[in-house]
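Chain by chain, the residues run as shown.
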Amino acid sequence: MVEPFIQNHQYNFIKKQIDILRNATLTVADPKVMEAVRYGSEAKVIDVFPTVTDIQKQLLGRISSIKAEDFQDYLRSLTPYLLEFPQVTEKQIRKLFPKNKKLKVPDLVTIDFLKVTYLGWINISSNKLFIVYHLKGKAVGIEGRYSLVHKKNICALCHGYTDVALFSAISKSRAAHVSSDYYKAVGHYICINSHECNSRITDVTALERFIEDVIG
């Protein structure tokens, strides 16, 4: 039996490749070109699983041979292999933000952790945005001010063109020679709606780099 091994962002990547294949079936007439598109998608999918086993590779490799009418069935067949976001309790989240005594934690019961790459929520009263992510096997949290942009832009995390806010956090890293009152702000445009961001994100490189820049 194959154990769950597909993270949310990897599943989103597979869905993206399915969309590419679906579009190709409607626009590509040359069988050889279509074959190249299929095997290109297979190679790209397997490439996002650096430690894939032979059995897992066989499962993922089916993407190159499925028929157009079976695309959705293929995606549904991957559901048993989805990895949940490592669940955290409200108490654990509060410990990640010890200075926020009145922190409002999202209702964890309502969250589908199979569809989560990071937890993100906004506290309107404090005008802050919070992110919880598991970095190198450890839960970490960052917080920062957010400013609504009132126009669509590219999200730095999921690269979707959507409604964003400027999220600015104070970096904890500090060079030895700087004064004690020195600080560096790290800012990015990110999705206002973290649920939508989680549904689009296909790569965690930018997310992890941002978090590392903040936590130092």
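Our subject is the structure listed above.
What counts as what
Residues numbered from 1 in each chain as written. Predicted model: local features only at pLDDT ≥ 70, side-chain atom pairs only at ≥ 80, totals over all residues. Heavy atoms only, no water. Axes fitted to C-alpha atoms, helices over the stretch in contact; angles between N-to-C directions. Helix = DSSP H or I, 4+ residues; strand = E, 2+ residues; numbered from the N terminus. Parallel < 35°, antiparallel > 145°, perpendicular 65-115°, else oblique. Contact = heavy atoms within 4.5 Å. Nonpolar A, V, L, I, M, F, W, Y, C, P; charged D, E, K, R; others polar. Salt bridge = Lys/Arg side-chain N within 4 Å of Asp/Glu carboxyl O. Buried < 20%, exposed > 50% of the residue type's maximum accessible area, 1.4 Å probe, protein only. Core = buried A, V, L, I, M, F, W, Y, C linked by side-chain atoms within 4.5 Å. Expected span 1.5 Å × (residues − 1).

*Asks:* Which parts of the structure should I look at to understand the packing of helix α1 (residues 8-27) against helix α2 (residues 31-47)?
*Replies:* At a closest axis distance of 10 Å, the pairing of α1 and α2 adopts a crossing angle of 180 degrees. Accordingly, the angle class assigned to the pair α1 and α2 is roughly antiparallel. Facing α1, whose interface residues are F13, I14, Q17, I20, L21, A24 and T25, α2 presents M34, V37, R38, S41, K44 and V45. Of the residues contributing to the contact of α1 with α2, the split by class is eight nonpolar, three polar and two charged.

*Asks:* So what exactly am I meant to see when it comes to the pattern of salt bridges here?
*Replies:* In a structure, side chains of opposite charge can pair up when their charged atoms sit close to one another. One pass over the full model with this rule turns up five salt bridges. Here K128 ties to E143 by a salt bridge, and the two come within 2.7 Å at their closest N and O atoms. On the criterion of sequence distance, the pair formed by K128 in strand β2 (residues 128-135) and E143 in strand β3 (residues 138-154) is long-range, its members being 15 residues apart. When the shortest N-O distance is used, the salt bridge between E212 and K136 registers 3.8 Å. Taken together, the residues E212 in helix α7 (residues 205-215) and K136 in the loop between β2 and β3 connect sequence positions 76 residues apart. Its relative accessible area of 33% is what places E212 among the partly exposed residues.

*Asks:* Even after reading the chapter, I still don't get the nonpolar core, so can you show me in this structure?
*Replies:* What tends to happen in soluble globular proteins is that the nonpolar side chains get buried as a cluster. Of all hydrophobic cores here, the largest spans 25 residues; its most connected members are C155 and L157. Mapped onto this core, the elements with two or more residues apiece are β2, β3, β4 (161-171), β5 (184-191) and α7. In this view, L157 contacts Y118, I190, C197, I201, D203, A206 and L207; residues no more than four positions away in its chain are not counted. V2, Y11, L78 and L82 belong to the second-largest nonpolar core, a separate cluster that totals 23 residues.

*Asks:* I keep staring at the side chain of T162 and nothing clicks. Help me out?
*Replies:* Take T162: it is sitting in strand β4. For T162, the residues in contact, after removing those within four places along its chain, are K151, K152, N153, C191, E196 and R200.

*Asks:* Is there a simple way to explain α1 in this structure?
*Replies:* One turn of the α-helix equals 3.6 residues, which is why residues spaced by three or four share an orientation. An ideal rise of 1.5 Å per residue puts 28 Å on 20 residues; α1 measures up with 29 Å between its terminal C-alpha atoms. Those residues of α1 that fall on the buried side of the exposure criterion are N8, H9, Q10, Y11, N12, F13, I14, Q17, I18, L21 and A24.

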